[in-house]
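Architecture and fold: a report
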Amino acid sequence: MSEAGAALTLSDQAAAKVRKLRESEGNDGLKLRVYITGGGCAGFSYGFTFDEALKEGDSVFSNGDVTMLVDPMSFQYLVGSEVDYVEGLNGSQFVVRNPNASSTCGCGSSFSL
(Lines give C-alpha, C1' and ligand atoms only; values in the text may rest on other atoms or scores of the structure.)
Protein backbone atom coordinates (compact mmCIF):
# COMPACT_ATOMS: atom_id res chain seq x y z
CA MET A 1 0.00 0.00 0.00
CA SER A 2 2.93 2.39 -0.25
CA GLU A 3 3.49 4.90 -3.01
CA ALA A 4 6.31 4.10 -5.44
CA GLY A 5 7.88 1.45 -3.22
CA ALA A 6 9.79 3.39 -0.57
CA ALA A 7 9.10 7.00 -1.50
CA LEU A 8 9.28 7.75 2.24
CA THR A 9 11.00 5.68 4.89
CA LEU A 10 10.46 5.32 8.62
CA SER A 11 13.73 4.55 10.39
CA ASP A 12 14.05 1.69 12.86
CA GLN A 13 14.57 4.23 15.68
CA ALA A 14 11.37 6.09 14.75
CA ALA A 15 9.41 2.84 14.49
CA ALA A 16 10.68 1.75 17.93
CA LYS A 17 9.58 5.08 19.45
CA VAL A 18 6.13 4.77 17.87
CA ARG A 19 5.83 1.26 19.36
CA LYS A 20 6.69 2.61 22.83
CA LEU A 21 4.19 5.47 22.48
CA ARG A 22 1.47 3.08 21.30
CA GLU A 23 2.13 0.86 24.31
CA SER A 24 1.93 3.81 26.70
CA GLU A 25 -1.40 4.81 25.12
CA GLY A 26 -2.62 1.21 25.18
CA ASN A 27 -3.68 1.44 21.53
CA ASP A 28 -1.94 -0.72 18.92
CA GLY A 29 -4.10 0.89 16.20
CA LEU A 30 -2.29 4.24 16.35
CA LYS A 31 -0.43 5.29 13.21
CA LEU A 32 2.15 8.06 12.91
CA ARG A 33 0.84 10.87 10.68
CA VAL A 34 3.51 13.13 9.16
CA TYR A 35 2.39 16.39 7.59
CA ILE A 36 3.54 19.78 6.34
CA THR A 37 2.11 23.12 7.41
CA GLY A 38 2.90 26.66 6.32
CA GLY A 39 4.94 28.71 8.75
CA GLY A 40 8.03 28.16 10.80
CA CYS A 41 11.20 30.19 10.51
CA ALA A 42 12.06 28.67 7.11
CA GLY A 43 8.63 28.67 5.43
CA PHE A 44 7.19 25.20 6.02
CA SER A 45 7.02 23.15 9.21
CA TYR A 46 6.90 19.42 9.83
CA GLY A 47 4.15 18.06 12.03
CA PHE A 48 3.68 14.71 13.72
CA THR A 49 0.56 13.29 15.31
CA PHE A 50 -1.12 9.98 15.94
CA ASP A 51 -4.14 8.91 13.95
CA GLU A 52 -6.26 5.78 14.00
CA ALA A 53 -7.94 6.33 10.65
CA LEU A 54 -6.70 6.21 7.09
CA LYS A 55 -8.06 9.23 5.21
CA GLU A 56 -8.87 9.42 1.52
CA GLY A 57 -5.74 9.94 -0.54
CA ASP A 58 -3.31 9.04 2.26
CA SER A 59 -0.04 7.36 1.33
CA VAL A 60 0.86 4.50 3.65
CA PHE A 61 4.39 3.43 4.61
CA SER A 62 5.43 0.75 7.08
CA ASN A 63 8.35 -0.39 9.15
CA GLY A 64 7.39 -3.77 10.55
CA ASP A 65 4.16 -3.37 12.47
CA VAL A 66 4.37 0.45 12.52
CA THR A 67 2.41 2.46 9.94
CA MET A 68 3.14 6.02 8.81
CA LEU A 69 0.49 8.07 7.00
CA VAL A 70 1.05 11.09 4.74
CA ASP A 71 -1.71 13.21 3.21
CA PRO A 72 -1.56 14.04 -0.54
CA MET A 73 -0.58 17.72 -0.09
CA SER A 74 2.29 16.87 2.27
CA PHE A 75 3.43 13.88 0.21
CA GLN A 76 4.64 16.06 -2.67
CA TYR A 77 7.05 17.87 -0.31
CA LEU A 78 8.22 14.72 1.45
CA VAL A 79 9.05 12.39 -1.47
CA GLY A 80 12.37 10.68 -0.79
CA SER A 81 12.48 11.72 2.88
CA GLU A 82 13.34 9.65 5.91
CA VAL A 83 11.49 10.11 9.20
CA ASP A 84 13.81 9.39 12.11
CA TYR A 85 13.79 9.76 15.89
CA VAL A 86 16.82 11.34 17.55
CA GLU A 87 17.84 11.89 21.14
CA GLY A 88 20.35 14.64 21.82
CA LEU A 89 21.26 17.64 23.92
CA ASN A 90 18.26 19.55 22.57
CA GLY A 91 15.88 16.79 23.64
CA SER A 92 14.24 13.93 21.81
CA GLN A 93 12.15 14.38 18.70
CA PHE A 94 11.01 13.01 15.38
CA VAL A 95 12.98 14.57 12.52
CA VAL A 96 12.64 14.54 8.75
CA ARG A 97 15.68 14.18 6.51
CA ASN A 98 14.24 15.81 3.42
CA PRO A 99 16.31 15.86 0.19
CA ASN A 100 13.81 18.36 -1.30
CA ALA A 101 14.55 21.09 1.25
CA SER A 102 16.85 23.81 -0.05
CA SER A 103 17.39 25.11 3.48
CA THR A 104 16.36 24.22 7.01
CA CYS A 105 16.19 26.18 10.23
CA GLY A 106 18.59 25.58 13.09
CA CYS A 107 16.10 23.49 15.04
CA GLY A 108 15.39 21.26 12.03
CA SER A 109 11.62 21.52 12.34
CA SER A 110 11.06 23.84 9.38
CA PHE A 111 12.39 24.11 5.83
CA SER A 112 12.09 25.92 2.53
CA LEU A 113 12.11 24.66 -1.06
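Look up: the structure comes first, before these words.
Now for a quick tour of the structure. Quick caveat, the model's predicted, so the values are computed rather than measured. Each chain has its residues counted from 1, running along the sequence as written. In keeping with the predicted nature of the model, local features appear solely for residues at pLDDT of at least 70, side-chain atom pairs appear and are counted solely at 80 or more, and the whole-chain, interface and lining totals rest on all residues. Based on all heavy atoms of the structure, the side-chain values leave hydrogens and waters out of the count.

**Let's talk about the pattern of salt bridges**
Salt bridge criterion: a side-chain nitrogen from Lys or Arg within 4 Å of a carboxyl oxygen from Asp or Glu. Applying the stated criterion to the full structure yields seven salt bridges. Note that Arg-33 and Asp-51 form a salt bridge whose closest N and O atoms lie 2.8 Å from each other. Of the two residues, Arg-33 is situated in strand β2 (residues 31–38) and Asp-51 in strand β3 (residues 44–51); the sequence distance between them amounts to 18 residues. Judged by relative accessible area, Arg-33 falls into the buried class, the value being 6%. Relative accessible area serves as the criterion here: at 14%, Asp-51 is assigned to the buried category. For Arg-97, the salt bridge goes to Glu-82, with nearest N and O atoms at 3.3 Å. Of this pair, Arg-97 sits in strand β7 (residues 91–97) while Glu-82 is found in strand β6 (residues 82–88), placing the two residues 15 residues apart along the sequence. Its relative accessible area of 40% is what places Arg-97 among the partly exposed residues. The numbering of helices and of strands both runs from the N terminus, where a helix is a DSSP run of H or I of at least 4 residues and a strand a run of E of at least 2. Summary of the burial criterion: residues with accessible area below 20% of their type's maximum are buried, those above 50% are exposed, and those between are partly exposed, where the area comes from a 1.4 Å probe applied to protein chains only.

**With respect to helix α1 (residues 12–25)**
How far a helix is expected to stretch is found by multiplying one less than its residue total by 1.5 Å. The end-to-end C-alpha distance of α1, which contains 14 residues, comes to 20 Å, matching closely the 20 Å that a straight helix rising 1.5 Å per residue would cover. Along α1, the positions that sit buried rather than exposed are Ala-14, Ala-15, Val-18 and Arg-22. Each buried residue of α1 sits inside an arc of 100 degrees when the element is viewed along its axis, so together they form one side. Those residues of α1 that are exposed and angled more than 90 degrees off the buried face are Asp-12, Lys-20, Glu-23 and Ser-24. Immediately downstream of α1, the backbone of Gly-26 shows phi near 65 degrees, a positive value. It is the directions from the helix axis to the C-beta atoms whose arc is reported.

**Observations concerning the pairing of β7**
In short, DSSP must find at least two bridges between two strands for them to pair. Judged from the seven bridges that link them, β6 and β7 form a sheet pairing that is antiparallel. Paired with Val-86 across the bridge in β7 is Gln-93. Counted between consecutive antiparallel strands, the loop separating β6 from β7 contains two residues.

**Observations concerning the pairing of strand β5 (residues 66–70)**
Of all the five residues making up β5, five are buried; the element is thus mostly covered by neighbouring parts of the structure. Alternating residues of β5 divide into Val-66, Met-68 and Val-70 and Thr-67 and Leu-69, and every residue in both groups is buried. The sheet contact formed by β2 and β5 spans three bridges and is parallel. Residue Val-34 lies in a different strand from β5, and its bridge partner there is Val-70. In terms of strand pairing, strand β4 (residues 59–63) meets β5 through five bridges, oriented antiparallel. In the sheet register, Ser-59 faces β5, and the bridge partner there is Val-70. The turn joining β4 and β5, which pair antiparallel and follow one another in sequence, is formed by two residues; a positive phi near 65 degrees is taken by Gly-64.

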